[in-house]
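A look at the structure
So the chains spell out like this:
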Amino acid sequence: MIGVIGGTGLATLGEQPEHAIESADTPFGRASDVPCRFPGLPNAVFLNRHGGRHTLLPHLINYRANVWIMKNSGVDAIIAVFAVGGIARSLADGDFVLPDQLVDYTWSREHTFAGPDNFQHVDFSEPFDAGLRQTLADSASRIGVDLCDGVYGCTQGPRFESAAEISRMERDGCTVVGMTAMPEAALARELGLPYAGVCLVVNPAAGRGFASLELADMQKVVADAQPTLRRLLLEFLQLVEQ
């Protein structure tokens, strides 16, 4: 069973969702929403990290509850979808990136399940699972979608970054910038869930374009990319089922 966590880049996997479980309540508080299943996708469970009405800003998401509830829904691995800004000057709006590393710039988020009664240090050398990444790459190749590797820089939000901050992130090796990969990726690792992500570039990062960052422009990129992104995920779900 594959858990798909969407957000700005992907709000749903299809029409007529059915609740996978009864409640969004978890031992860590309420999840963003109740995970859903969709007709014709027996091996997928979907959760929108921003909630059903897309009202949860990145720094207010209960990442622990979201990852825990996906595990409790029976998923064996998680594919995450991110809307990101392009730091690398080679990236254009509508491009897809398959991140292989990340740098965490967030703070004060509830970022671990570890505690006095659950002592652990997980290996996070490779944040994104190699096997899942390869299957995503194979899926993209089969439908003619270009995927490039990259380093995801995760910022706190909800504001966008300054041009100087983006320049620092570029010096750190980041190629895209988003606000939701952490602590989601690390929490999945703590629960033993292989995790990988697909990034949709929706705008040039601050200082990389010639205009101010406007949500309406980003939403248009998302709308135009939705059919391709869904095809990619459906192809992925078919491959892992074989």
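Right, let's get into the overall build of the protein chain. Along the backbone of the protein chain there are five helices and eleven strands. The C-alpha atoms of the protein chain give a radius of gyration of 17 Å, which matches the 18 Å a tight globule of 242 residues would have. Across its three principal directions, the C-alpha atoms of the protein chain cover 45 × 45 × 35 Å. Within the span of the protein chain, comprising 242 residues, buried residues form 50% of the whole. A sequence separation of at least 24 residues applies to 81% of the contacts in the protein chain between residues at least 6 apart. For the protein chain, the exposed area adds up to about 11300 Å²; of that, 51% sits on carbon and sulfur atoms.

What follows covers helix H1 (residues 63-72). A large share of H1 lies buried, amounting to seven of its ten residues. Where H1 is buried, its residues touch strand S1 (2-6), strand S3 (25-26), strand S4 (29-30), strand S6 (41-48), strand S7 (77-86) and helix H4 (184-190). Looking one or two residues past H1, glycine 74 carries a phi angle of roughly 95°, positive in sign.

With respect to the helices and strands, the residue glutamate 235 is situated in helix H5 (residues 215-241). Taking relative accessible area as the criterion, glutamate 235 reaches 13% and is therefore assigned buried. Leaving out residues up to four positions away in the same chain, glutamate 235 has contacts with Ser139, Arg142 and Ile143.

So, about the nonpolar core. For soluble globular proteins, the rule of thumb is that nonpolar side chains tend to be buried together. Of all hydrophobic cores here, the largest spans 38 residues; its most connected members are Met70, Ile78, Phe82, Tyr152 and Tyr195. Taken together, the elements giving at least two residues each to this core come down to S6, H1, S7, strand S8 (96-104), strand S9 (147-154), H4 and strand S11 (195-204). For this core, the leading source of residues is H1, giving five residues. If sequence neighbours within four positions are ignored, isoleucine 78 has contacts with Gly3, Ile5, Met70, Leu132, Ala188, Leu193, Pro194, Tyr195 and Ala196. Val145, Ala225, Leu233 and Phe236 belong to the second-largest nonpolar core, a separate cluster that totals 32 residues.

With an omega dihedral of 0°, the bond running from glycine 157 to proline 158 counts as a cis peptide bond. As for its placement among the helices and strands, proline 158 is situated in the loop between S9 and helix H3 (163-171). Methionine 182 connects to proline 183 through a cis peptide bond whose omega is 10°. Summarising the element assignment, proline 183 is placed in the loop between strand S10 (176-178) and H4.

The next point concerns the side chain of glutamate 161. Along the polypeptide, glutamate 161 turns up in the loop between S9 and H3. Buried charged residue glutamate 161 carries no salt bridge. Nearest counter-charge: arginine 159, at 6.1 Å. Within the local environment of glutamate 161, its side chain forms a polar contact with the side chain of threonine 155, the two groups lying 2.7 Å apart. When neighbours within four sequence positions are excluded, glutamate 161 is seen to be in contact with Thr155, Ile166, Val177, Met179 and Ala206.

Bringing the pairing of S6 into the picture now. Judged by how many residues are buried, S6 sits mostly within the fold: seven of eight residues are covered. Pairing of strand S5 (residues 36-38) with S6 involves two bridges; the strand directions are antiparallel. Bridging across to S6, phenylalanine 38 finds its partner in leucine 41.

For the coordinates displayed, the defined rule picks out zero disulfides. Cysteine cysteine 154 remains unbridged, with the sulfur of cysteine 174 as its closest cysteine sulfur at 9.9 Å.

Summarising the sheet, S8 and S9 pair through eight bridges and their orientation is parallel. If you follow valine 103 over to S9, its bridge partner there is glycine 153. Pairing between S8 and S11: two bridges, direction antiparallel. Bridging across to S11, phenylalanine 96 finds its partner in leucine 200.

With that out of the way, let us pick up the pattern of salt bridges. Counted by the stated rule, this structure contains eight salt bridges. For arginine 30, the salt bridge goes to aspartate 25, with nearest N and O atoms at 2.8 Å. The residue arginine 64 makes a salt bridge to glutamate 110 at a minimum N-O spacing of 3.8 Å. Note that arginine 64 is positioned in helix H1 and glutamate 110 in the loop between S8 and helix H2 (130-142), a separation of 46 residues in sequence.

Definitions and limits used
- Residues numbered from 1 in each chain as written.
- Predicted model: local features only at pLDDT ≥ 70, side-chain atom pairs only at ≥ 80, totals over all residues.
- Heavy atoms only, no water.
- Helix = DSSP H or I, 4+ residues; strand = E, 2+ residues; numbered from the N terminus.
- Rg over C-alpha atoms; globule rule 2.2 N^0.38 Å.
- Buried < 20%, exposed > 50% of the residue type's maximum accessible area, 1.4 Å probe, protein only.
- Contact = heavy atoms within 4.5 Å.
- Areas by Shrake-Rupley, 256 points an atom, 1.4 Å probe, with all protein chains shown as cover.
- Core = buried A, V, L, I, M, F, W, Y, C linked by side-chain atoms within 4.5 Å.
- Lys, Arg positive; Asp, Glu negative; His and termini not counted.
- Salt bridge = Lys/Arg side-chain N within 4 Å of Asp/Glu carboxyl O.
- Polar contact = N/O pair within 3.5 Å; in protein donor to acceptor, adjacent residues only side chain to side chain.
- Pairing = 2+ DSSP bridges.
- Disulfide = S-S within 2.5 Å.

By themselves, these figures tell us nothing about what the structure is for.
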